[in-house]
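# Summary of structural features
One letter stands for each residue in the lines below.
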2 protein chains.
Amino acid sequence: MDASILTIHPASPEPIYRQIVDQLRRLIAAGQLAVGERLPSVRDVAGFHAINPMTVSRAYGLAESEGLLERQRGKGMVVASGPTGSQSARERMQLLEPHLKETARQAQELELPADTVLRRLKHLLGN
Amino acid sequence: MDASILTIHPASPEPIYRQIVDQLRRLIAAGQLAVGERLPSVRDVAGFHAINPMTVSRAYGLAESEGLLERQRGKGMVVASGPTGSQSARERMQLLEPHLKETARQAQELELPADTVLRRLKHLLGN
DNA sequence: CCAAGTGTATTGTTGTATTGATACACATGG
DNA sequence: CCATGTGTATCAATACAACAATACACTTGG
């Protein structure tokens, strides 16, 4: 598995380990990471993105305790077969809900017309 | 000015002082806080939200160095008359742009249909 | 004038978060 | 068997955020 599946911004105020966990949660929920699929090793990810291996390990550990990943000793991490794999659109939507709530809050503080916001987001989604 | 204009979540991982500054930036850009209007005193805000006055002072100080607020010695902080007051919809939109970009990224990782996301956001905006 | 209200500088403390360097235990494959 | 590849436990070093308790300079209203 290629280390490039993960997008990381080391300079972001968002902690690196949380960027990784959040991303894994979404990619696994959508099935972009299939059940049983092997993840890139901590050293691969760390080398590719020029970050510390322990930071990746911490993210993997959290993802495991959350039931997203399973550890295969000596081999690596694989996507867990638990209650997680490839969820329905409804379940995936709930992962986006908090972020959307915050979007709405900021839009209202900015007094932006709903049309304007929706049109812009539609454009961004059309990639 | 009432201390309740500011919404603060002390338990959020987002630092309190940044919650305040970000919020001020939006409220001022929209004109919900009019140019020249007085802000609630640091002690009022701190008392109302049960946080430390110096945390509020720090936020006000940052907002001032950003040109959002002006300090009137002995009186308090007022909304600056600078290049900031009540911006156009286009300018306000740019304050939301980074957040919308992130929304689009997460939606794509979740493989959510654009329609679903847009419909949900439209509902959240219709308050 | 002076009490009461502004913001702020200062110093110290506490708790936590984040990252880093190193060494270790384990499993695999030739 | 052993080099190589896993993940990770451990300890350390910072940095950050918030709080606490003062003291200070300033303005206003009675």
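All of the points below concern the structure found in this document. All values reported here derive from a predicted model rather than from experimental measurement.

A few words now on the protein's contact with DNA strand D. What surrounds DNA strand D is a group of 23 residues, the closest being Arg43 and Met54 of chain A together with Ile16, Asn52 and Arg73 of chain B. Each atom of DNA strand D within 4 Å of the protein belongs either to a base or to sugar and phosphate, the latter forming 67%. At 3.3 Å, a side-chain N or O of arginine 18 of chain B approaches a phosphate oxygen of DNA strand D. Mapped by element, the contributors of at least two residues to the surface near DNA strand D are α2 (42-49), α3 (53-65) and β2 (76-79) of chain A together with α1 (16-30) and α3 (53-65) of chain B. Looking at the surface near DNA strand D, its residues break down into 9 nonpolar, 7 polar and 7 charged.

Mapped onto the fold, glutamine 23 of chain A is located in helix α1 (residues 16-30). For glutamine 23 of chain A, a relative accessible area of 2% translates into the label buried. There is a polar contact of 2.8 Å between the side chain of glutamine 23 of chain A and the backbone oxygen of threonine 7 of chain A. Setting aside chain neighbours within four positions, we find glutamine 23 of chain A in contact with Ile5, Leu6 and Thr7 of chain A together with Arg105 and Glu109 of chain B.

Moving on to the protein's contact with DNA strand C. With respect to spatial proximity, 23 residues lie near DNA strand C, and among them Pro15, Tyr17, Asn52 and Arg73 of chain A together with Ser57 of chain B are the closest. In this structure, valine 42 of chain B approaches DNA strand C through a main-chain N or O atom, which is 3.0 Å from a phosphate oxygen. Separating a base nitrogen of DNA strand C from a backbone N or O atom of glycine 74 of chain B is a distance of 3.0 Å. For the surface near DNA strand C, the secondary structure elements donating two or more residues are α1 and α3 of chain A together with α2 (42-49), α3 and β2 (76-79) of chain B. When its residues are assigned to classes, the surface near DNA strand C shows 9 nonpolar, 7 polar and 7 charged.

On the chain A side, the residues contacting the 39 residues of chain B number 39 residues. The junction of chain B with chain A conceals about 4,000 Å² of combined surface from both sides, 65% of it contributed by carbon and sulfur atoms. Between the two partners, chain B and chain A, sit 4 salt bridges. A salt bridge links glutamate 109 of chain A to arginine 26 of chain B; the shortest N-O distance between them is 2.5 Å.

Turning our attention to the relation of the copies chain B and chain A. The two copies are related by a screw motion: chain B maps onto chain A through a turn of 180° and a shift of 0.1 Å along the axis, at an RMSD of 0.2 Å. Look at the turn and shift together and you get a two-fold axis relating the two. Residues of chain B ranked by C-alpha distance from the rotation axis are headed by leucine 118 of chain B, positioned 3.2 Å from it. A high fraction, 100%, of the interface residues of chain B reappear at the interface in chain A, so the copies pair face to face through one surface.

Considering all chains together, one arrives at 17 salt bridges over all chains under this definition. Several salt bridges converge on common partners, so that one network encompasses Arg26 of chain A together with Glu102, Arg105 and Glu109 of chain B.

Here arginine 119 of chain B shows up in helix α5 (residues 114-125). Separated by 55 residues in the primary sequence, arginine 119 of chain B and glutamate 64 of chain B have C-alpha atoms spaced 38 Å apart.

Residue position: glutamine 106 of chain B is located in helix α4 (residues 89-109). The contacts of glutamine 106 of chain B, once residues within four sequence positions are left out, are Arg26, Leu96 and His99 of chain A.

The geometry of an aromatic ring pair is captured by two quantities: the separation of the ring centres and the angle between the planes. Evaluated as defined, the whole model comprises 0 aromatic pairs over all chains. When the ring centre of tyrosine 17 of chain B is taken as reference, the NZ or CZ atom of arginine 58 of chain B above it lies at 4.0 Å.

Before going further, it helps to spend a moment on the packing of helix α4 (residues 89-109) of chain A against α4 of chain B. Taken N-terminus to C-terminus, the directions of α4 of chain A and α4 of chain B make an angle of 160°; their axes are 11 Å apart at the nearest point. Taken as axis vectors, α4 of chain A and α4 of chain B run roughly antiparallel relative to one another. Two packed elements cross with a definite hand, and for α4 of chain A against α4 of chain B that hand is left-handed. Across the interface between the two elements, Leu96, His99, Leu100, Glu102, Thr103, Gln106 and Ala107 of chain A of α4 of chain A pack against Leu96, His99, Leu100, Glu102, Thr103, Gln106 and Ala107 of chain B of α4 of chain B. Its residues placed into classes, the contact of α4 of chain A with α4 of chain B shows 6 nonpolar, 6 polar and 2 charged.

Scoring rules and cut-offs
Residues numbered from 1 in each chain as written. Chains lettered and ligands numbered in written order. Predicted model: local features only at pLDDT ≥ 70, side-chain atom pairs only at ≥ 80, totals over all residues. Heavy atoms only, no water. Near = heavy atom within 4 Å. Polar contact = N/O pair within 3.5 Å; in protein donor to acceptor, adjacent residues only side chain to side chain. Helix = DSSP H or I, 4+ residues; strand = E, 2+ residues; numbered from the N terminus. Nonpolar A, V, L, I, M, F, W, Y, C, P; charged D, E, K, R; others polar. Buried < 20%, exposed > 50% of the residue type's maximum accessible area, 1.4 Å probe, protein only. Contact = heavy atoms within 4.5 Å. Buried area = accessible area lost by both parts, 1.4 Å probe. Salt bridge = Lys/Arg side-chain N within 4 Å of Asp/Glu carboxyl O. Least-squares fit on C-alpha atoms with pLDDT ≥ 70 in both. Phe/Tyr/Trp six-rings, centres within 6.5 Å; stacked < 30°, edge-to-face > 60°. Lys NZ or Arg CZ within 6 Å of the ring centre and 35° of its normal. Axes fitted to C-alpha atoms, helices over the stretch in contact; angles between N-to-C directions. Parallel < 35°, antiparallel > 145°, perpendicular 65-115°, else oblique. Left-handed = near helix turned anticlockwise from the far one by under 90°.

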